[in-house]
Number of protein chains: 2
Amino acid sequence: MSEPSVSDPSVSEPSVSEIAVSEARAREGCLAVIGCGLMGGSVARALRRARAVEEIVGYSPDPEERALAVALGVLDRAAETAAAAVAGAGIVVIAVPVPEIGAVLAEIAPALGSEAVVTDLGSVKGEVVTAARAALGPAFAQFVPGHPIAGLEKSGVAASRADLFAGRRVILTPVAETRGRAVLQVTSLWEAMGAEVDLLTPERHDLLLAATSHLPHLVAYALVDTVRRQLIASEIAQYAGPGFADTTRIAASPPGLWRDIALANREALVAVLRRFEETIHALGDALEAGDGEQLQRTFQAAQEARVRLGNAAVGIDAQGQ
Amino acid sequence: MSEPSVSDPSVSEPSVSEIAVSEARAREGCLAVIGCGLMGGSVARALRRARAVEEIVGYSPDPEERALAVALGVLDRAAETAAAAVAGAGIVVIAVPVPEIGAVLAEIAPALGSEAVVTDLGSVKGEVVTAARAALGPAFAQFVPGHPIAGLEKSGVAASRADLFAGRRVILTPVAETRGRAVLQVTSLWEAMGAEVDLLTPERHDLLLAATSHLPHLVAYALVDTVRRQLIASEIAQYAGPGFADTTRIAASPPGLWRDIALANREALVAVLRRFEETIHALGDALEAGDGEQLQRTFQAAQEARVRLGNAAVGIDAQGQ
């Protein structure tokens, strides 16, 4: 491995975070990526472009995907097992689906160096923290739970991009046991990739995602399911306007993916879903009673909140997130 | 009034519906529009452009709006009362808000000619039919309930347009007592305005609108209301992505307008809202029980229905309806 040159032409002055990365480089030099799909591949590309790591080793259960990642230059080399990939690595990024994170952590735990830092990209955090605590034992202090709010419609390492996280938010959810130094290292890496890092508790993260993402998906599915039971398909096609189209657009999302996300974030999602059900029930009661004032109160509070959100949400839209 | 010239340069060969209008013209010659806002003004402009009527008289409770409608050439003349406007009219279009339709019909009933045809533009039909039956007595047979699925964000006669209904659907909901000839006359007028006419029962119309329009609005309001109670505003602004933005976009609609629409279509809307509540409740139970198969079944049925709808709904979107 040659020492990386001083500056990347695409980057101007080194920022504080880049200096932090550079100081950590001697120990962190080797990055291991477990799971070489869109997300893992994009982390590898982004850290390589930022010259934040010296060598990138990867593992994927699919030998073809491993070979493709090497052929594309995303990985310097592929390992035959997850444990082999992390041996000697200073930074380990777990980029597998949430239900598999615990098993991967258990497999790599014996091979993990005592100074290595491990992070993940899972979209729920409470379940991951529980699984990591059980799988890693004392090395749990080296694990920094993470969730980049970014993605693409596509999947696979061929779709990975060095700029996938540029300008995006990444939520890290360290707990009491997590080493402060590990949190700083992971923060520096994300900042080197151009992301903005927030620290939240796992519980707050899961509530946030339940409310702003998982609940809307369940609501959209439920709305279409209700309407398709009441009307024939041609009536929906003829009379559904843009309001219906907007409100149900995310019901076209893959059912299996959202089943898994819903189950993984079950506790937080059930809580907000039950609150939503109460709101719907109360609207039904107000409507039955002809209570226009009650309807108006709920509609108006919601309308004011939605109008305030207007520009912010449009800003996110414009990024195509 | 001069006889209208044979052809409008913007119209090519006369269609069957135009011939029907032309045959009816001697009796229908005078159009009365009660309520000279966006919708009533647009009907007047569209029928004038189609040369389907000879004289347009209007009434609006606001003297300034009446004067503006005459000044803009939307009306030939304004009447001082609704009853005065309909005296001698062959076609009467009631273009006032749903809660006011019954009172207007009661006021004009004594002045209505026995061959006059009356229609309305109200967005719910069951309640309008009930009010019309009570208000019109024997003249109820001359009343053809109608609902053009069209509109603009703006309001007022100044925003009215001759092409507001071109390419749009209009639902007429005649009942057993309604004269067949009156239905044909109103159909011909809408076709002259470029609209496509469907006939449905008032109950089916109200269910259709409840499911495809009113329910999505209540759901969007309820979703924002639930989320704003769980999170602080800055969290929603920071983390809500395009899924949340799409699903809640119509929660920015005017609360008072949707309170009135919800109350007017109360019966049909309560029924679909309770069905939706059951669907949400069942999803919550499945989630609590960790029943992934049940979640998958609902998500998948909805996803397939939404994907099938894809192009149709996008088509409506593109019209900016």
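Residues numbered from 1 in each chain as written. Chains lettered and ligands numbered in written order. Predicted model: local features only at pLDDT ≥ 70, side-chain atom pairs only at ≥ 80, totals over all residues.

## Overview of the overall build of chain A
The test is simple: Secondary structure elements follow DSSP: runs of H or I no shorter than four residues count as helices, runs of E no shorter than two count as strands, and numbering proceeds from the N terminus. Labels follow a simple rule on C-beta atoms placed from the backbone: if 20 or more others lie within 10 Å of a residue's own, it is buried; if 12 or fewer, it is exposed; otherwise it is partly exposed. We call two residues in contact when their backbone-placed C-beta atoms lie within 7 Å.
Along the backbone of chain A there are 13 helices and nine strands. Each of the 321 residues in chain A was classed as buried or not, and the buried ones make up 52%. Put simply, 76% of the contacts in chain A that link residues at least 6 apart link residues at least 24 apart.

## Overview of the environment of Lys125(B)
All names here are of chain B. Considering the arrangement of structural elements, one finds Lys-125 in the loop between strand S5 (117-120) and helix H6 (126-136). Taking the C-beta count within 10 Å as the criterion, Lys-125 has 30 such neighbours and is therefore assigned buried. Sequence spacing of Lys-125 and Ala-95 is 30 residues, and the spatial spacing of their C-alpha atoms is 14 Å. Beyond its immediate stretch of four places on either side in the chain, Lys-125 contacts Pro-145, His-147, Thr-173, Pro-202, His-205 and Asp-206.

## A short note on the domain arrangement of chain A
Residue and element names in this part refer to chain A. We apply this condition: An automatic or database domain assignment supplies the start and end points of every domain. Any residue that is not Ala, Val, Leu, Ile, Met, Phe, Trp, Tyr, Cys, Pro, Asp, Glu, Lys or Arg is counted as polar, Gly included; the first ten are nonpolar and the last four charged.
Segmentation of chain A into domains returns domain 1 (16-200) and domain 2 (205-290). Of note, the centres of domain 1 and domain 2, computed from C-alpha atoms alone, are 33 Å apart. Opposite the eleven residues of domain 1 that make contact, domain 2 presents eight residues. Mapped onto the side of domain 1 that touches domain 2, the elements with two or more residues apiece are helix H5 (98-108) and helix H6 (126-136). Looking at the side of domain 1 that touches domain 2, its residues break down into five nonpolar, four polar and two charged.

## A few points about the pairing of S5(B)
Residues and elements named next belong to chain B. Under the convention used in this document: Should DSSP find at least two bridges between two strands, the strands are regarded as paired. Crossover handedness is defined by viewing with both strands directed away from the observer: a clockwise path from the first strand over the helix to the second marks the crossover as right-handed.
Taking every second residue as pointing to the same face, both faces of S5 are buried, with Val-117 and Thr-119 on one and Val-118 and Asp-120 on the other. Two strands pair when backbone bridges link them, and strand S4 (residues 91-94) and S5 are joined in this way by four bridges, in the parallel orientation. In the sheet register, Ile-91 faces S5, and the bridge partner there is Val-117. Traced from S4 through helix H5 (residues 98-108) to S5, the parallel crossover comes out right-handed. With two bridges joining them, S5 and strand S6 (residues 143-144) adopt parallel strand pairing. Counterpart to Thr-119 in the pairing with S6 is Val-144. Chirality of the crossover, the property in question, places the unit of S5, H6 and S6 among those that are right-handed.

## Remarks on the sheet that holds strand S7 (residues 146-148) of chain A
Residue and element names in this part refer to chain A. Note the threshold: All axes here are fitted lines through C-alpha atoms, helices being fitted over the stretch that makes contact, and every angle between N-to-C directions spans 0 to 180 degrees.
The mixed open sheet is built from three strands, whose spatial order is S7-S8-S9. Only two strands of the sheet have a single partner each, and these edge strands are S7 and strand S9 (196-199). With strand direction ignored, the average angle separating the axes of adjacent strands in the sheet is 20°. Across four bridges, strand S8 (residues 169-172) lies against S9 in parallel orientation. Bridge pairing links Arg-169 to Glu-196 in S9. Of the strands in this sheet, S7, S8 and S9 are in contact with helix H7 (residues 180-192), which crosses S8 at around 170°.

## Notes on the environment of Thr81(B)
Residues and elements named next belong to chain B. Tracing the sequence through the fold places Thr-81 in the loop between strand S3 (77-78) and helix H4 (82-86). Taking the number of C-beta atoms within 10 Å as the measure of exposure, Thr-81 has 14 and is therefore partly exposed. Sequence separation between Thr-81 and Tyr-59 is 22 residues; the distance between their C-alpha atoms is 6.3 Å.

## Here we look at the interface of chain B and chain A
Counting residues at the interface gives 86 residues for chain B, matched by 86 residues for chain A. Contributions of two or more residues to the side of chain B that touches chain A are made by helix H8 (202-230), helix H9 (233-239), helix H10 (242-248), helix H11 (255-264), helix H12 (266-288) and helix H13 (292-318) of chain B. Ranked by the residues each element gives to the side of chain B that touches chain A, the list is headed by H8(B), at 20 residues. Residue classes in the side of chain B that touches chain A are distributed as 47 nonpolar, 23 polar and 16 charged.

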